[in-house]
Amino acid sequence: MTQDNDDLDSLVRKRIRALRVAQGWSLDELATRARLSASTLSRIENGQRRLAVDQLVTLARALDTTLDQLVETGADDVISSPVIDAAHQMMRWSVRADPGMTVLRRRMTGPVPDNPSSMRAHPGREWFVVLSGTADLLLGNRRFRVETNQAAEFPTMLPHAMGAVGGPCEILGIFDRDARRGHQRDDADGTGRAGPAAPGDAA
């Protein structure tokens, strides 16, 4: 058996045990669900019994996962670097597991614009946490002050705008696909400075 196969074999056995423990199940409980003997399951987890595909399928089902997830390695692309948008003082990351999501870090220095027309509304949802400073969030007819380590989440169909209070403010935001596209359109027509972020991804 090759080194790669040995590594995968060991990974699958550790994953089976970790998933069982995460569910709070004993060997007997998982063995019953998978219609195996507890001794067989113990030998599978400890590497004393060969991994058979039919048993892996049964175990995956019992653990509420799939065979593909049970045997996937998927550790090649763990680290990613941001796309840097210096003009908007922000960094942007995509989420590989969900291409519709965008994570964005932005530094704001100015207050919320006084002009009501600067408030934007578009489909989607946004979530952000304040990393440092204080953020001022206008949401419909209400104003919220979001302090360091506080988070806010809101439907973006409510007109909204954001700025800093009393000095620079840095946020980390998560946008779904619709919210990301809404900010992209705002950037395209020159109204992008009012909101929490302007991901600027291609639609």
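The structure this text deals with has already been given above.
Residues numbered from 1 in each chain as written. Predicted model: local features only at pLDDT ≥ 70, side-chain atom pairs only at ≥ 80, totals over all residues. Heavy atoms only, no water.

Student: Which residues make up the sheet that holds strand β8 (residues 160-164), and what values go with them?
Tutor: Strand-to-strand pairing in sheets goes through backbone hydrogen bonds, with the strands running parallel or antiparallel. The 3 strands are arranged β6-β5-β8 in an open sheet whose pairing can be described as antiparallel. Each edge of the sheet is formed by a strand with only one pairing partner; in this case those strands are β6 (142-146) and β8. Along the sheet, successive strands turn relative to each other by an average axial angle of 20°, direction set aside. For strand β5 (residues 135-139) and β8, the ladder comprises 5 bridges, and the chain directions are antiparallel. Along β8, the bridge assignment pairs Ala135 with Ala164. (Pairing = 2+ DSSP bridges. Helix = DSSP H or I, 4+ residues; strand = E, 2+ residues; numbered from the N terminus. Axes fitted to C-alpha atoms, helices over the stretch in contact; angles between N-to-C directions.)

Student: Could you give an account of the pairing of strand β2 (residues 90-94), with specific residues and numbers?
Tutor: Both strand β1 (residues 83-85) and β2 contribute to a ladder of 3 bridges, which runs antiparallel. In the sheet register, Val83 faces β2, and the bridge partner there is Arg92. The turn linking β1 back onto β2 is made up of 4 residues, and Gln89 within it adopts a positive phi angle of 55°. Direction of pairing for β2 relative to strand β3 (residues 102-108): antiparallel, over a ladder of 5 bridges. Across the sheet, the residue bridging to Trp93 is Val103, located in β3.

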